[in-house]
Number of protein chains: 2
Amino acid sequence: MKLKKARVYVTLKPTVLDPQGTTVAKALNHLGYHEVEGARVGKIIELHLSDQATRARVEEMAGKLLANPVIENFTVEMEE
Amino acid sequence: MKLKKARVYVTLKPTVLDPQGTTVAKALNHLGYHEVEGARVGKIIELHLSDQATRARVEEMAGKLLANPVIENFTVEMEE
């Protein structure tokens, strides 16, 4: 049985404040990286799936458990 | 002045235990997604940069502040 892989990228919606990202941007500025104007932090969830897995099911998982659809967007990337 | 964007993907090295990922995989199994055999959780940091930013500088930032090179790998993706 071959394994499939899926990656779910979860990012905050653009209108949602991201204090963690702001802190990262400030820390980089303090380290001398003045080209950084802002930062946003998100999550990647890499799933190892059995071969009967489908993109539709992974999107369902993302919407139910992996992302909070009120404040987050997600995209799914499948890979054999 | 045009803004550039960079995305830094930070993932745990394959040999490092990921209890958060294990919990995600178990939770998905409990919800009926039995095709999930494992999961690993990582971070995405999206940087908004001024136009003089370079990939080399972003890789330096990732190694110094965004990732912990002892337990994490990172990849950088630049976008105009």
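Refer to the structure above for everything that follows.
Everything numeric here is computed off the predicted structure, so don't read it as measured data.

Caption draft 1: Structural context of the packing of helix α2 (residues 55–66) of chain A against helix α1 (residues 19–30) of chain B. Axis separation between α2(A) and α1(B) bottoms out at 11 Å; the angle between their running directions is 110°. Of the possible angle classes, the one that applies to α2(A) and α1(B) is roughly perpendicular. Contacts from M61(A), L65(A) and L66(A) in α2(A) reach V24(B), A27(B) and L28(B) in α1(B).

Caption draft 2: Spatial organisation of the relation of the copies chain B and chain A. Of the transformation placing chain B onto chain A, the axial shift is 0.0 Å and the rotation is 180°, giving an RMSD of 0.0 Å. Here the two chains are linked by the operation of a two-fold rotation axis. Relative to the rotation axis, the closest C-alpha in chain B is found at K43(B), a distance of 2.2 Å. A high fraction, 100%, of the interface residues of chain B reappear at the interface in chain A, so the copies pair face to face through one surface.

Caption draft 3: Representation of the interface of chain B and chain A in the model. Facing the 36 residues of chain B at the interface are 36 residues of chain A. Both sides of the chain B and chain A interface together cover about 3000 Å² of buried area, and 64% of this is carbon and sulfur. By the criterion of area lost to chain A, the three top residues of chain B are Y33(B), E35(B) and I44(B), representing 22% of everything that side buries. The tally of links from chain B across to chain A stands at 2 salt bridges. Note that R57(A) and E35(B) form a salt bridge whose closest N and O atoms lie 2.8 Å from each other. Across the chain B-chain A interface, the total number found is 18 residue pairs in polar contact (both at pLDDT 80 or more).

Caption draft 4: Geometry of the pattern of salt bridges. Per the counting criterion, the structure on display carries 8 salt bridges over all chains. A salt bridge links R55(A) to E59(A), with the nearest nitrogen and oxygen atoms 3.6 Å apart. Here R55(A) and its partner E59(A) are both found in helix α2, 4 residues apart, which amounts to about one turn of the helix. On the accessibility criterion, E59(A) (34% relative accessible area) is partly exposed. One salt bridge in this structure joins E46(B) and R7(B), with 3.2 Å as the shortest N-O distance. Of this pair, E46(B) sits in strand β2 (residues 36–49) while R7(B) sits in strand β1 (residues 4–12), and the two are 39 residues apart along the sequence. You can call E46(B) buried: its relative accessible area is 14%.

Calculation criteria
Residues numbered from 1 in each chain as written. Chains lettered and ligands numbered in written order. Predicted model: local features only at pLDDT ≥ 70, side-chain atom pairs only at ≥ 80, totals over all residues. Heavy atoms only, no water. Axes fitted to C-alpha atoms, helices over the stretch in contact; angles between N-to-C directions. Helix = DSSP H or I, 4+ residues; strand = E, 2+ residues; numbered from the N terminus. Parallel < 35°, antiparallel > 145°, perpendicular 65-115°, else oblique. Contact = heavy atoms within 4.5 Å. Least-squares fit on C-alpha atoms with pLDDT ≥ 70 in both. Buried area = accessible area lost by both parts, 1.4 Å probe. Salt bridge = Lys/Arg side-chain N within 4 Å of Asp/Glu carboxyl O. Polar contact = N/O pair within 3.5 Å; in protein donor to acceptor, adjacent residues only side chain to side chain. Buried < 20%, exposed > 50% of the residue type's maximum accessible area, 1.4 Å probe, protein only.

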